[in-house]
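Coordinates in review
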Amino acid sequence: MFEKSDEQLIEKALKGQKKAWFSLLKRYEKPVYHYGLRMTGNNADALDLMQDVFISVFRNLSSYRNEGSFKGWLFRIAHYRCIEFYRRKRPQQGLDDAPEIPCTAQPAEQLIENTQRNAQLVSAMQQLPLAQKSVVELKFFGHFTFEEIAQQTGMSVNTAKSRLYGALAKLKTLMEVDYVEL
Amino acid sequence: MSSYDNAELLALWLEDNLTPEQRNIFEQRCVQDDDFAQQVEAASTIKLHADGYQDFDVPQWDRGKTFDCQERGSSQERANSQERVDSRNPFEYSARRQRWAWLPSVSFAMSALAIVLVLTGTQVSLTSGELRIRFGHEQSQLAMSKLIDSKLDTFKQNQQEAFSLYAQTLQQQQLESASQLTNYLLTSSRKERREDFAELIKFVNQQRSDDQLFYARQLNQLQQDVYLDANGIKVDGTQQ
């Protein structure tokens, strides 16, 4: 009936209440999981990334100072964990480089039993460089403003805008190709 | 042409922050610039896809791992992490924080007590094994009279010393001025006397000169009288 705020749950979690921590986790696990799914294109990787993100959030919970929304803070951590994930996976690849190795694991499309368009979009997003992919993800799926995206990703607002612009051009081409293939 | 670039315009459109002027520019650009129009179309399509994205439930996963992974979290993972990772377990941290939770309240209480003591003018005195706590700014009559007496004594002593010093100084000044006056009087009287004597000598000399002149005339007269005979005729020999 009365849902506790993020701040209340954090406070209780910091006092050692596991129940509060699980409530907080359940509140945000779905967006984080789907963020991971769209960013990695892979269910196993998405689960690993989600676990990494929540471990990191748990470790840093005491340093959260209620500055900005908890969701924004959470997704900032998610962004850095995602970068870390990509570095571990492909150490030589830069943030702006296009992915060299196609995803060989179980494709996300199979798990997303949604429309074919979703699968098409996720598939196209996997071919974007990480920096562009994260802006697209945060803008269209996270519904963050460009200022929030800039804060979360550590880039300037103008860079975020131009990356989105560049990403849109690529996505359009990629989705057209997919459409023709389909 | 406007100063807005395509990325900026598209970003404003996506956030629905276009002003009427910007909207005009945006619409013109959509008509004139095919690439921009295609970008807008792509953005609309992706937005549509994103809005229609139906997310499903998260598969089962070990949520408890987020608790007990603190101890066995790999150090390499931490070292590579870009974000600031606080290695403290929040629960451990909160327990430590609870251990010291009394400190702020005690600190506050002590501060409040100190303020009350200052405002009420509390005085604590220990005299020959006797502890006295006195409230209020007023001191006892006895202590006050003692204090006044001692202050008065001090004041009296100071005044006496000052008066004696003043009298001494005044006496010395009087002596000095008296001796100066004497010197002056002596000097001036000497001078006056010297002037008087000079005047006198001058007068005497003048008198003497007058006397000499008188005597010379007398002598001449006498001489003439000697050389005249009884008839009043001049003696020749004598005349020559």
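Being a predicted model, the structure only gives us computed values, none of them experimental. (Residues numbered from 1 in each chain as written. Chains lettered and ligands numbered in written order. Predicted model: local features only at pLDDT ≥ 70, side-chain atom pairs only at ≥ 80, totals over all residues.)

In terms of helices and strands, chain A carries 9 helices and 0 strands. Considering chain A as a whole, with its 182 residues, one finds that 44% of them fall into the buried category. (Helix = DSSP H or I, 4+ residues; strand = E, 2+ residues; numbered from the N terminus. Buried ≥ 20, exposed ≤ 12 C-beta atoms within 10 Å, placed from the backbone.)

What follows covers helix α3 (residues 34–51) of chain B. Since there are 3.6 residues in each turn of an α-helix, residues three or four apart along the chain are aligned in direction. Between the first and last C-alpha of α3(B) there are 25 Å, a value that for 18 residues agrees with the 26 Å anticipated at 1.5 Å per step. For α3(B), every residue scored as buried is listed here: Q39(B), V40(B), A42(B), A43(B), I46(B) and H49(B). (Expected span 1.5 Å × (residues − 1).)

All names here are of chain B. Buried residues are scarce in strand β1 (residues 123–127), accounting for 0 of its 5 residues. In terms of strand pairing, β1 meets strand β2 (residues 130–134) through 5 bridges, oriented antiparallel. Considered in β2, the bridge of L126 is made with L131. Hairpin connection, β1 to β2: the antiparallel pair is bridged by 2 residues, and S128 has positive phi, about 40°. (Pairing = 2+ DSSP bridges.)

Judged by nonpolar contacts, the single largest core of 61 residues is most densely connected at V53(A), A78(A), V136(A), L164(A), L168(A), L171(A) and L10(B). A total of 10 residues in this core trace back to one element, the largest contributor, which is helix α4 (residues 70–89) of chain A. Sequence-distant contacts of L168(A), defined by excluding residues within four places in its chain, comprise Q39(B), A42(B), A43(B) and I46(B). (Core = buried A, V, L, I, M, F, W, Y, C linked by C-beta atoms within 7 Å. Contact = placed C-beta atoms within 7 Å.)

Turning our attention to helix α2 (residues 18–40) of chain A. All names here are of chain A. In the structure, α2 departs most strongly from a straight axis at E29, where the bend amounts to approximately 45° and where the proline P31 lies between one and four residues downstream. Residues of α2 that are buried: W21, L24, Y28, V32, Y33, H34, Y35, G36, L37, R38, M39 and T40. Backbone geometry just after α2 places G41 at a positive phi near 75°. (Bend = angle between axes of the 7 residues up to and from the residue.)

Attention now moves to the packing of helix α1 (residues 6–14) of chain B against helix α2 (residues 20–32) of chain B. All names here are of chain B. At a minimum axis distance of 11 Å, the contact between α1 and α2 shows a crossing angle of 115°. Taken as a pair, α1 and α2 cross one another with a handedness that is left-handed. Here α1 contributes L9, L12 and W13 to the contact with α2, which in turn contributes Q22, I25, F26 and R29. Per-class residue counts for the contact of α1 with α2 are 5 nonpolar, 1 polar and 1 charged. (Axes fitted to C-alpha atoms, helices over the stretch in contact; angles between N-to-C directions. Left-handed = near helix turned anticlockwise from the far one by under 90°. Nonpolar A, V, L, I, M, F, W, Y, C, P; charged D, E, K, R; others polar.)

Averaged over all residues, the pLDDT of chain A is 80; the fraction at 70 or higher stands at 80%. Here residues 100–104 of chain A scores under 50 on pLDDT; set against residues more than four positions off or in separate chains, the count is 5 contacts. (pLDDT = per-residue confidence, 0-100.)

What follows is about the environment of D6(A). All names here are of chain A. Locating D6 in the fold gives a position in helix α1 (residues 6–14). A count of 19 C-beta atoms within 10 Å places D6 in the partly exposed class. Along the sequence, D6 and F70 sit 64 residues apart, while their C-alpha atoms lie 6.9 Å from each other.

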